[in-house]
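Inside the fold
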Amino acid sequence: MTSEQLAATEHRVPRDDASAPRRNELSTRGLDLRYGDRVIVDGLDLVLPGDAITAIVGPNACGKSTLLRGLTRLLAPAGGSVALDGTDIHRMPARALARRMGLLPQQPVTPEAITVEALVRLGRYPHQRLLSPWSTADQAAVDAALARTGTDVLREQPVDQLSGGQRQRAWIALALAQDTDLLLLDEPTTFLDLRHQLDVLDLVAELHAEAGRTVVMVLHDLGQAARYADHLVVLKDGQLAAAGAPADVLDAELVKSVFDVDCRVIPDPESGTPLVIPRHRPAGRRPPV
Amino acid sequence: MTGLLEASAPARAVSARTRVRRRVLLLGACAVAALVALSVVSLTVGQMSMEASVALRALVGLGDQGDVFVVQEFRAPRLAAALIAGAGLGVAGSLLQRLFRNPLASPDVMGITGGASFGSVVLLATGASASFIPLGALGGGLLAALLLGVFAWSSGLTVTRLVLVGLAVQAGLAAAVNLMVVRFPAELAGAALQWTTGSLYGRTWTEVGAAAVAGVVALAAAFVLHRRLAVLDLGDESAGALGIKVSSARLQLLLTAIALASLAAALTGPVAFVALAVPHLVRFVAGPPTAATTALSCLVGAVLLLSSDLVVQHLLPVEGLPVGVVTATLGAPWLLVLMIRQSMPANRSSV
């Protein structure tokens, strides 16, 4: 498929609730997220700008993935609220919300022996009515998603036999076929080698630049986050440590306070974005674990 | 396997998929042909044998009045009961195995069949008309599912726990049915005997009509909800992000399966083995579950129950043997094989 055809199939038609302005801005107000009695996210006020790539970073167990679950309504808040363009997401019908934002979970469950195309077709679920047959619009969205992620040559193959990088692209294709303005990705690079990490991140950048998707992703690598994201959200213990453009936010002081690591922050020689270089820690001077 | 995924892989995968598709079509065509043939046999053979053409004319009310009476009032309801109960059991089994991701999940192992039989007998004891038996069966099936939920849910529905609690519920309710049959006055006991083993003798439209209609509705519901089942297979997070209310979708599918199994029990009594085995047979031929394999389970279940019933009616030397005895005889070793395969670590995640 050529890029022109891609642009044609991805042309956005105004959808059901077209009256509200579409800025694709997620925001939280006093958001409390808990598992049982355990408070994970504590009174978070946050604005994730629309039409941008936002990276959420922070140490393990700081609440990054939980926040993503809260933002996608998979976890009901114990207090506070999440809004999409000012509308509380818990007041939106489930399928209408699923037409606005898609999610790639950290460890998605691949049904046994499902082919790439069959998997991606499931992304059309929120667009289908109970008894409506498979439409040409559905097929066009699936074809565009497969082409965009470079998985069209794999469409007949079982997903559980693909390599990690291919499988991740197939799952991203599912989220693309969902045809949402917002795309949320939970650690999309975690189980991939360096080349496939970069493939996925380049794809994300392309989705933003060419297909106009707003992206929110949880990342571990601060350098990658700084290089690929327009907006950085740094969490610590379920609270906001910093937020803003990577160049404004990411410095040695922040890394020390959030990750407890001494480092230098230098401009990335390739991109000019901040790059975190941990200081050398000789054997005797490591802090006790 | 991943090593094979280089240049030649697409061609291989396409041919594999075509092969599966061809097998699905072939099995489907065979099952439909078998259904038609067996249905004609079940309408023609009996104490009053008749030509196939005579039986088919009699089915639509033409020909000799005696033939019409025999076919319309005795053979047709028995045939309808066998077809709908078999189809319902096949689909119920495949829904439950997929919902619980557990190859041992089936209404008879989980106690739903026992509950539905119990409910049917309780309703019979109240002296209500036989047309209300499906309601009793549905109530009993839900009761059994509730008991299973109370005792097995807290442990996170692990395989062994589910099966053990399910078998306990099944055994307890079957014992309750037996007790009632023993205590009933003779004329009620005769009617209730059906729910101790499962049989198709003496079915008339009074017992079959309502349950058959409800069974067809429940079958339709299973196929309407199938898209949700496919999305639920993606796990709770992805399903939720695709706009599914996971717990309510799961409940709808579970209730559909319970309704199918309960209505089957209302029609035939507790017929073992069909719901457990049919999804495995279909999977063996047609591969992992899709909408097409659910449709196949529906057809194969009907074929299996109808042919078992024809075997007990006409082929076995013993007269009046209930169909449940045949399926249970085949089912016990099957369950054993599945349990043994499950306990082998290599196969634990296979289904």
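What you see is a predicted model, and the numbers here were worked out from it, not measured in a lab. Position labels on residues start from 1 in each chain and follow its written sequence. All chains are assigned letters beginning with A, and all ligands numbers beginning with 1, in the order in which they are written. For this predicted model, a pLDDT threshold of at least 70 governs which residues receive local features, and a threshold of 80 or more governs which side-chain atom pairs are given and counted, while totals over whole chains, interfaces and linings are taken from all residues.

1. Considering the overall build of chain A
The criterion, for reference: Think of it this way: any DSSP run of H or I at least four residues long counts as a helix, any run of E at least two long counts as a strand, and we number them from the N terminus. Throughout, radius of gyration means the C-alpha value; the globule benchmark is 2.2 Å times the number of residues raised to the power 0.38. A residue is called partly exposed when the number of other C-beta atoms within 10 Å of its own lies between 12 and 20, exposed at 12 or fewer, and buried at 20 or more, with C-beta atoms placed from the backbone. Note that contacts rest on C-beta atoms placed from the backbone: two residues are in contact if these are within 7 Å.
The helix and strand tally for chain A stands at 10 helices and 12 strands. Its C-alpha atoms give chain A a radius of gyration of 20 Å, near enough to 19 Å, the size a compact globule of 289 residues would have. For chain A, the spread of C-alpha atoms along the principal axes amounts to about 65 × 40 × 35 Å. Classification of the 289 residues of chain A by burial places 42% in the buried group. Contacts spanning at least 24 positions in sequence make up 67% of the contacts within chain A whose residues lie at least 6 apart.

2. Considering the interface of chain A and chain B
As a reminder, the rule being used: In this classification, the charged set is Asp, Glu, Lys and Arg, the nonpolar set is Ala, Val, Leu, Ile, Met, Phe, Trp, Tyr, Cys and Pro, and all remaining amino acids, among them Gly, are polar.
Residue-level contacts link 27 residues of chain A with 24 residues of chain B. Secondary structure elements with two or more residues in the side of chain A that touches chain B: helix 3 (94-98) and strand 6 (101-104) of chain A. Ranked by the residues each element gives to the side of chain A that touches chain B, the list is headed by helix 3 of chain A, at 4 residues. Taken together, the residues that form the side of chain A that touches chain B break down as 16 nonpolar, 8 polar and 3 charged.

3. Notes on the pairing of strand 2 (residues 38-48) of chain A
All names here are of chain A. Filter applied, for reference: A pair of strands counts as paired when DSSP detects no fewer than two bridges linking them.
Across 7 bridges, the pairing between strand 1 (residues 26-35) and strand 2 is antiparallel. Looking at strand 2, one finds that Arg 34 is bridged to Val 39. Linkage of strand 1 to strand 2, two consecutive antiparallel strands, is achieved through a turn of 2 residues, within which Gly 36 is found at a positive phi near 60°.

4. Examining the sheet that holds strand 1 of chain A
Residue and element names in this part refer to chain A. This is how the line gets drawn: In this description, a line fitted to the C-alpha atoms serves as the axis of each element, helices being fitted only across the stretch in contact, and the angle between N-to-C directions of two axes falls anywhere from 0 to 180 degrees.
With antiparallel pairing, the 4 strands of this open sheet are ordered in space as 2-1-4-5. In this open sheet, the two edge strands, each paired with only one partner strand, are strand 2 and strand 5 (87-88). Pairing geometry for strand 1 and strand 4 (residues 79-84), over 5 bridges, is antiparallel. Its bridge partner lying in strand 4, Ser 27 is registered against Ala 83. Packed on one face of the sheet, helix 2 (residues 64-71) meets strand 1, strand 2 and strand 4 and runs near 115° to strand 1.

5. Overview of helix 14 (residues 274-286) of chain B
Residues and elements named next belong to chain B. Quick note on the threshold: Multiplying one less than the number of residues by 1.5 Å gives the expected span of a helix.
Look at helix 14: 18 Å from first C-alpha to last across 13 residues, which is about the 18 Å you get at 1.5 Å a residue. Those residues of helix 14 lying buried are Val 274, Ala 275, Leu 276, Ala 277, Val 278, Pro 279, Val 282 and Ala 286. Directly beyond the C-terminal end of helix 14, a positive phi value near 85° is found at Gly 287.

6. A look at the nonpolar core
Convention followed: Under the definition applied here, buried Ala, Val, Leu, Ile, Met, Phe, Trp, Tyr and Cys residues are grouped into a nonpolar core through C-beta atoms within 7 Å.
Residues Ala 55, Val 120 and Ala 170 of chain A together with Leu 260, Ala 261 and Leu 263 of chain B are the most contacted members of the largest nonpolar core, which totals 175 residues. No other element matches the 15 residues that helix 3 (residues 65-99) of chain B contributes to this core. Setting aside anything within four residues of it in sequence, one finds Leu 260 of chain B in contact with Gly 88, Val 91, Ala 92, Gly 215, Ala 218, Leu 219 and Ala 222 of chain B.

7. So, helix 3 of chain B
Residues and elements named next belong to chain B. In plain terms, the rule: Bend, in this description, refers to the angle at a residue between axes fitted to the seven residues ending there and the seven starting there.
Here helix 3 is 35 residues long and its end C-alpha atoms lie 49 Å apart, about the 51 Å a rise of 1.5 Å per residue gives. Taking the largest bend as the criterion, helix 3 deviates by roughly 35°, centred on Arg 75, and proline Pro 77 comes between one and four positions later. Within helix 3, 25 of the 35 residues are buried, which leaves it mostly tucked inside the rest of the structure. Where helix 3 terminates, the next one or two residues include Arg 101, which has phi positive at roughly 45°.

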